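# Tertiary structure, described
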Amino acid sequence: MTAKVAVVTGGASGIGRAIVHSLAASGVLVAVADLDADGAAETTATSPDRMRGYTVDISEPESVRRLRADVTADLGTPTILVNAAGWDRMGSFVDADEEFARKITAVNYLGPVFMCQEFLPGMITAGGGRIVNVASDAGRVGSSGETIYAGAKGGVIALTKSVAREVARSEITVNCVCPGPTDTPLFQSFDPKLKAALTKAIPFRRIAQPEEVAAAVAFFASDAASYITGQVLSVSGGLTMAG
Ligand code: NAD
């Protein structure tokens, strides 16, 4: 039997890297797609026979088109897409300049839009597929200090549900995982006081490990999740259970 092919954006670091490892361990061939070529090479070095690195800027449609053509030529048609790449920087909403607003929206919202548009036709032709978007609990319940990011991630949640409706008849599922604070370079870049306050607010009193988020993504990407679509799963140690 030929192995399934997956594309994981953000696979050079943090949650994306843990997702790559989890999918590869289940026998999937994984395209590690990231802006950071060195980080992608570090990820693939752990299991070069099951992973291949690709450089992409998900906010640029032409770059996404090249990625699809290259991955398809090298590994075959991907039937699993995980949109895990993202970018965030804390700061005041009213002081955020236009360039920042455009960049944060382009990476966190338009990136998943362009990736879904580019990879869906192959899944439709293949007769099925799985898309898992990594949004954020900030997009479910809001978050002060990261307002534009939260808006973009809220957009990813609505995108997930809408695309799920559009492609269900092609046996393609589209689901969304919303991490809470997770131990990655992104979270570690935040102010220490904020990190401590967030950790204290989590019922488990600890932040997530990337592998704990990856496990939820791997479930949605698996055959076992064949009848689940348009769903939003929070992986946040109970932080936002009331949200
Ligand atoms: P990370 O910074 O460790 O990894 C993000 C990866 O995305 C990096 O490898 C980066 O190079 C890549 N990337 C950024 N912009 C890109 C672009 N334009 N094109 C291609 N790749 C790009 O971050 P992480 O914490 O692992 O975050 C993974 C996802 O989880 C993100 O979508 C993030 O918003 C989300 N998230 C993270 C947390 C957290 O606490 N870590 C919480 C909620 C949601």
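Just above, that's the structure.
Residues numbered from 1 in each chain as written. Predicted model: local features only at pLDDT ≥ 70, side-chain atom pairs only at ≥ 80, totals over all residues. Heavy atoms only, no water.

### As for the overall build of the protein
On a plain count of helices and strands, the protein comes out with nine helices and seven strands. Computed over the C-alpha atoms, the radius of gyration of the protein is 17 Å, within 12% of the 18 Å expected from 2.2 N^0.38 for a compact globule of 243 residues. For the protein, the spread of C-alpha atoms along the principal axes amounts to about 50 × 35 × 35 Å. Considering the protein as a whole, with its 243 residues, one finds that 48% of them fall into the buried category. Sequence separation of at least 24 residues holds for 68% of the intrachain contacts in the protein that already meet a minimum separation of 6. Roughly 11500 Å² of accessible area belongs to the protein as shown, and the carbon and sulfur atoms make up 54% of that amount. Treating the 21 positive side-chain charges of the protein as one cloud and the 25 negative ones as another, the clouds have centres 6 Å apart. (Helix = DSSP H or I, 4+ residues; strand = E, 2+ residues; numbered from the N terminus. Rg over C-alpha atoms; globule rule 2.2 N^0.38 Å. Buried < 20%, exposed > 50% of the residue type's maximum accessible area, 1.4 Å probe, protein only. Contact = heavy atoms within 4.5 Å. Areas by Shrake-Rupley, 256 points an atom, 1.4 Å probe, with all protein chains shown as cover. Lys, Arg positive; Asp, Glu negative; His and termini not counted. Charge placed at Lys NZ, Arg CZ, Asp CG, Glu CD.)

### Regarding the packing of aromatic side chains
Here the structure, examined in full by the defined rule, presents three aromatic pairs. Residues Phe219 and Phe220 carry aromatic rings whose centres are separated by 5.9 Å and whose planes lie at 40° to one another, so their mutual orientation is tilted. (Phe/Tyr/Trp six-rings, centres within 6.5 Å; stacked < 30°, edge-to-face > 60°.)

### Side note on unusual backbone geometry
Backbone geometry places Glu171, a non-glycine residue, at a positive phi of 60°. Mapped onto the secondary structure, Glu171 falls in the loop between helix H6 (147-167) and strand S6 (172-179). In this structure, Arg205 takes a positive phi of about 60° despite not being glycine. As for its position among the elements, Arg205 is in the loop between helix H8 (192-201) and helix H9 (210-221). Taking the relative accessible area as the measure of exposure, Arg205 reaches 54% and is therefore exposed.

### Section: the pairing of strand S3 (residues 51-55)
Both strand S2 (residues 29-34) and S3 contribute to a ladder of five bridges, which runs parallel. When the sheet's bridge partners are listed, Ala31 is paired in S3 with Arg52. Following the chain from S2 across helix H2 (residues 37-44) to the adjacent parallel S3, one finds a crossover that is right-handed. (Pairing = 2+ DSSP bridges. Right-handed = clockwise from strand over helix to strand, strands pointing away.)

### Describing H9
For H9, which comprises twelve residues, the first-to-last C-alpha distance of 16 Å matches the rise-based estimate of 16 Å (1.5 Å per residue) to within 8%. On its buried face, H9 sits against helix H1 (14-25), strand S4 (80-83), strand S5 (129-134), S6 and strand S7 (232-235). (Expected span 1.5 Å × (residues − 1).)

### A look at the sheet that holds S6
Taken in spatial order, the seven strands of this open sheet run S3-S2-S1-S4-S5-S6-S7, and their pairing is parallel. Edge positions in the open sheet fall to S3 and S7, since each of these has one partner strand only. Averaged over all neighbouring strand pairs, the angle between strand axes comes to 20°, with direction disregarded. In this sheet, S4 lies alongside strand S1 (residues 5-9) in parallel orientation, the contact comprising four bridges. Of the residues in S4, the one forming a bridge with Val7 is Leu81. The strands touched by H1 within the sheet are S1, S2, S3, S4, S5 and S6, with S1 carrying the most contacts at an inclination of about 170°. Helix-sheet contacts for H9 involve S4, S5, S6 and S7, and the interaxial angle to S6 is about 170°. (Axes fitted to C-alpha atoms, helices over the stretch in contact; angles between N-to-C directions.)

Function-wise, these values are silent; they only describe arrangement.
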